[in-house]
There are 2 protein chains.
Amino acid sequence: MSRHRTDDVPERGDRSKRHIDGPLGIVAGRGPLPCLLAEAATARGLPVHIVGIRGEASDEIERFSHTWMKWGELGKLFGALDDHGCRDLVIVGGVNRPDLANVKFDFTAVKHLPFLLSLGKGGDDNILSRIVDFFEQKGYRVHGPEEVLPDLLVGVGILGDKAPSGEDRADIELGFRVVASLGHLDIGQAAVIAKGHVLAVEAAEGTDAMLARIVELRQSGRVSLPGRAGVLVKAPKPGQEQRIDLPTIGSETVRRAAAAGLAGIAVAAGQVLVAELARTIDAANRQGLFLVGEPVPQETKSSAP
Amino acid sequence: MSRHRTDDVPERGDRSKRHIDGPLGIVAGRGPLPCLLAEAATARGLPVHIVGIRGEASDEIERFSHTWMKWGELGKLFGALDDHGCRDLVIVGGVNRPDLANVKFDFTAVKHLPFLLSLGKGGDDNILSRIVDFFEQKGYRVHGPEEVLPDLLVGVGILGDKAPSGEDRADIELGFRVVASLGHLDIGQAAVIAKGHVLAVEAAEGTDAMLARIVELRQSGRVSLPGRAGVLVKAPKPGQEQRIDLPTIGSETVRRAAAAGLAGIAVAAGQVLVAELARTIDAANRQGLFLVGEPVPQETKSSAP
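Residues numbered from 1 in each chain as written. Chains lettered and ligands numbered in written order. Predicted model: local features only at pLDDT ≥ 70, side-chain atom pairs only at ≥ 80, totals over all residues. Heavy atoms only, no water.

**Student:** Any chance you could explain the overall build of chain A here in plain terms?
**Tutor:** From N to C terminus, chain A includes 10 helices and 13 strands. Put simply, chain A has 305 residues, and 56% of those count as buried. Excluding contacts between residues fewer than 6 apart, the proportion of contacts in chain A whose partners are at least 24 apart in sequence is 76%. With an accessible surface of roughly 12,500 Å², chain A has 53% of that area assigned to carbon and sulfur atoms. (Helix = DSSP H or I, 4+ residues; strand = E, 2+ residues; numbered from the N terminus. Buried < 20%, exposed > 50% of the residue type's maximum accessible area, 1.4 Å probe, protein only. Contact = heavy atoms within 4.5 Å. Areas by Shrake-Rupley, 256 points an atom, 1.4 Å probe, with all protein chains shown as cover.)

Written as C-alpha cells, this is what we have:
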C-alpha cells in the first residue's frame, strides 16, 4: 500500500535524456545496483557488459557478460568496452579512493597519467565530474542509472505505512538545511538529526558508518533519547555530478537506521536512488520506520554563499 | 622554543572582563581544566569551591574544597555555592546530555522544571546560552575560564617546532571554512581535511571519536593517504556562548591526531583553550606534528546565511 508517486518528481537538471540503443557498458563498484541495471537492460533487450572493479564489485556480476579490472588498468577497461561495442556507459556503485602508490598502471593508463594523478586531489564532486568528462571526451556517452531503470529514483511522498510526526518534520527540515550547507563545501550527502540536535554529519566514512556511530553515541550515553527518535536525511550535494554517485538507500540502510533507534528516513525525491524499492519499503514497514521522499529543490553550485 | 605569542590574539567579542575578587565557584565536567583553574585561582589567593558533576568530573577535584552533585540536584548546587560565598562562577569541562527520564530532581530543580526540560531540545549553543542566562539571572557572574587563567587561550603563530607546508595551509583554510559553515547550523567545532578532501566532520561524537574514525578510515583503505597527511581544525561556532564550552585541545588531542596519521593541528587563536600548553607543545614536537594558532576572525551569528 505504497503512496509512492513518480509523476511529480522534480526534473533532473538540464541534461536531456539520451536514448540508449546499443550495448550498455556498466562500470561496477560496490552494491547491488550494477546487477539490477544489467537485469533491467537485458529485459529491455539491450546487450550488457559489466566491467567490475576488483575488490569493489560483487561476484554477482559474473552472472552477466563481464570483465574484471584493477585500478590502473585503463587499457583493459577501454578494451573490454570496445570489444563489446559499448559506447553507452553507466558508472555505478561505491568505490574506495585507491592509494596511487600501490596502483600498477597499464600502458593506456600511463598515457593518461596526468589525468589520473589529478584525481588524487580535491573533493569527490570535482573528481566525479572530471571522470565523466574524461569518458565523454573519449566518445562514450555516460548515463545516470535512472536512465536505464527509472524506478530507481525515489518519488515524492510517504513511501511506507508510517508518517513522520510534527517533531520529525522539524528534524527533516533542519537535516536538509545541514546537507545543503555541507554540500556547498563538497562534503557528504547525509546527516542525522534528533529533536533539533545534529547528531552526526557524513563525510568520508559513508552513511553506514555514520549510522553505526549513532548506535555508539546512544549506547555510551553521550546522546540520550527516549525510544525511537531522530531522522536520517539524504540528498545530493548542490551541483553534484548526478550521472555517477547519486546518494543511494536500500533495505540495508533501513535496517541500520532502525538499529540506530531512528524514527525514519527522509530523502530528496527525484535525486536519491533506492535499490529494490519494494524490499526497502517492506523493511521500513516491518521496522516501524517512516520513509519519505521530500520535494526538495535541486540546488545548483552557483547558489553557494 | 615556542613562537607562541599572546599579544596579538583577537579580542574576545564585546564582553568586558569583570574582576573576580570573591571566592570562585567551579562547576566541573570532564577533563583537566577544572583542577587547572582551581590551582590558578588558589595561586592568585582566591578561595575556590568545585562542584563536580558525578560521572563527569575527575576524582582529582577532591584535592580542593568540593561538593559532588548529580544531574537534577540544583538545590545542592546552589547550596554549595552559597555556603562557600561563591558569586563568581566558571562552568567548565565536557558533559553528556543527561537522559531526563532517569534524572532525580530535588525541590529546587522541580521549581525550575520548565527551564530544565527546555534544555532537552535544540542545539548545544542555544542550550549553553540559556544556562549562562539562568545563572546570571540568579545573581551569579559567569566567567570564561581564560578570565581566571589567561594562558589557556591559544595565541597566534606556530606553537611548536614544525610549520605547516603549503598543502597543509590549503587544508587549514578549507577546514576553517567548513567549521564556520557548520557553526551557523550549531554543529560541532572541528573537522579533518586532507589534500583538499573533507575526511570527517564533528557533530555529537566529539573530537576524540572523530579522530578515531580517521584511524579506521585509513586502516580499512576507505581513505588512502601517503604518510603523514591531513589537518585537524578546531574553532568555536560563530556566535558561540564563549563562557562555557570553548573548544579545547591538549596533549591527548595531539596523541590522537598523531595516531590518525595527521600532519598537524590548527586552531582559531584566542578562541580555543589549550590545557597545559607546554605539555601539549612538547607532545606535538615529539610526534612531529605542527601546532598553529590561526588569526581567524571571530564570526557572529548574525552573519549566518
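**Student:** Help me out: how do you make sense of the interface of chain B and chain A in this one?
**Tutor:** The accessible area lost on association of the parts is a frequent measure of interface size. At the junction of the two partners, chain B supplies 35 residues and chain A supplies 35 residues. Here chain B packs against chain A, burying approximately 3,000 Å² in sum over the two surfaces, 55% of which is carbon and sulfur. Run the count over chain B and chain A and you get 2 salt bridges. Run the count over chain B and chain A and you get 7 residue pairs in polar contact (both at pLDDT 80 or more). Contributions of two or more residues to the side of chain B that touches chain A are made by helix H7 (166-183), strand E8 (197-201) and helix H8 (206-219) of chain B. For the side of chain B that touches chain A, the leading source of residues is H7 of chain B, giving 6 residues. For the side of chain B that touches chain A, the class distribution of residues is 14 nonpolar, 10 polar and 11 charged. (Buried area = accessible area lost by both parts, 1.4 Å probe. Salt bridge = Lys/Arg side-chain N within 4 Å of Asp/Glu carboxyl O. Polar contact = N/O pair within 3.5 Å; in protein donor to acceptor, adjacent residues only side chain to side chain. Nonpolar A, V, L, I, M, F, W, Y, C, P; charged D, E, K, R; others polar.)

**Student:** Teacher, can you tell me more about the pairing of strand E13 (residues 290-294) of chain B here?
**Tutor:** Two faces belong to every sheet, and in a regular strand the side chains alternate between them. Residue and element names in this part refer to chain B. Counting buried residues along E13, 5 of its 5 residues qualify, which places the element largely inside the surrounding structure. The two faces of E13 match: Phe 290, Val 292 and Glu 294 on one face and Leu 291 and Gly 293 on the other face are all buried. Bridge count for strand E6 (residues 157-158) against E13 is 2 bridges, and the pairing is antiparallel. Bridge pairing links Gly 157 to Gly 293 in E13. Judged from the 5 bridges that link them, strand E11 (residues 264-268) and E13 form a sheet pairing that is parallel. (Pairing = 2+ DSSP bridges.)

**Student:** So what exactly am I meant to see when it comes to the relation of the copies chain B and chain A here?
**Tutor:** The two chain copies are related to each other by a rotation about an axis together with a translation along it. Least-squares fitting of chain B to chain A yields an RMSD of 0.0 Å, with the superposition described by an axial translation of 0.0 Å and a rotation of 180°. Given the turn and translation reported, the copies of this chain are related as if by a two-fold rotation axis. The rotation axis passes nearest to the C-alpha of Val 201 of chain B in chain B, at a distance of 3.1 Å. A shared interface surface links the copies, since 100% of the contact residues of chain B are contact residues in chain A too. (Least-squares fit on C-alpha atoms with pLDDT ≥ 70 in both.)

**Student:** How should the packing of helix H9 (residues 251-259) of chain A against helix H10 (residues 277-287) of chain A be read in this particular structure?
**Tutor:** Between two packed helices, both the angle of their axes relative to each other and the distance between the axes serve to describe the pair. Residue and element names in this part refer to chain A. Two elements in contact, H9 and H10, have axes separated by 8 Å at closest approach and are oriented at 20°. On the basis of the axis angle, H9 is roughly parallel to H10. Two packed elements cross with a definite hand, and for H9 against H10 that hand is right-handed. Seen from H9, the contacting residues are Ser 251, Val 254, Arg 255 and Ala 258; seen from H10, they are Arg 279, Thr 280, Ala 283, Ala 284 and Gln 287. Partitioning the contact of H9 with H10 into residue classes produces 4 nonpolar, 3 polar and 2 charged. (Axes fitted to C-alpha atoms, helices over the stretch in contact; angles between N-to-C directions. Parallel < 35°, antiparallel > 145°, perpendicular 65-115°, else oblique. Left-handed = near helix turned anticlockwise from the far one by under 90°.)

**Student:** Would you mind showing me how to read the pairing of strand E1 (residues 24-28) of chain B here?
**Tutor:** All names here are of chain B. Within E1, 5 of the 5 residues are buried, which leaves the element mostly enclosed by the surrounding structure. Residues Leu 24, Ile 26 and Ala 28 line one face of E1 and the alternating positions Gly 25 and Val 27 line the opposite face, and both faces are buried. Of the pairings in the sheet, the one linking E1 to strand E2 (residues 48-53) comprises 5 bridges and is parallel in character. Its bridge partner lying in E2, Val 27 is registered against Val 51.

**Student:** Sorry, what's going on with the sheet that holds E13 of chain B here?
**Tutor:** Sheets are built from strands that pair by backbone hydrogen bonding, the pairs being arranged parallel or antiparallel. Residue and element names in this part refer to chain B. Strand order in the open sheet made by the 6 strands is E6-E13-E11-E9-E7-E8, with mixed pairing throughout. The open sheet has two edge strands, E6 and E8, and neither has a second partner. Sheet strands touched by H8: strand E7 (190-194), E8 and strand E9 (231-234). Its angle to E8, the strand with the most contacts, is close to 130°.

**Student:** Explanation requested: the state of the cysteines in the structure shown.
**Tutor:** Note: disulfide means a covalent bond formed between the sulfur atoms of two cysteine side chains. Residues and elements named next belong to chain A. Using the criterion set out here, one finds 0 disulfides over all chains in the structure. Unpaired in terms of disulfides, Cys 86 finds its nearest cysteine sulfur in Cys 35, a separation of 15 Å. What makes Cys 86 buried here is its relative accessible area of 0%. (Disulfide = S-S within 2.5 Å.)

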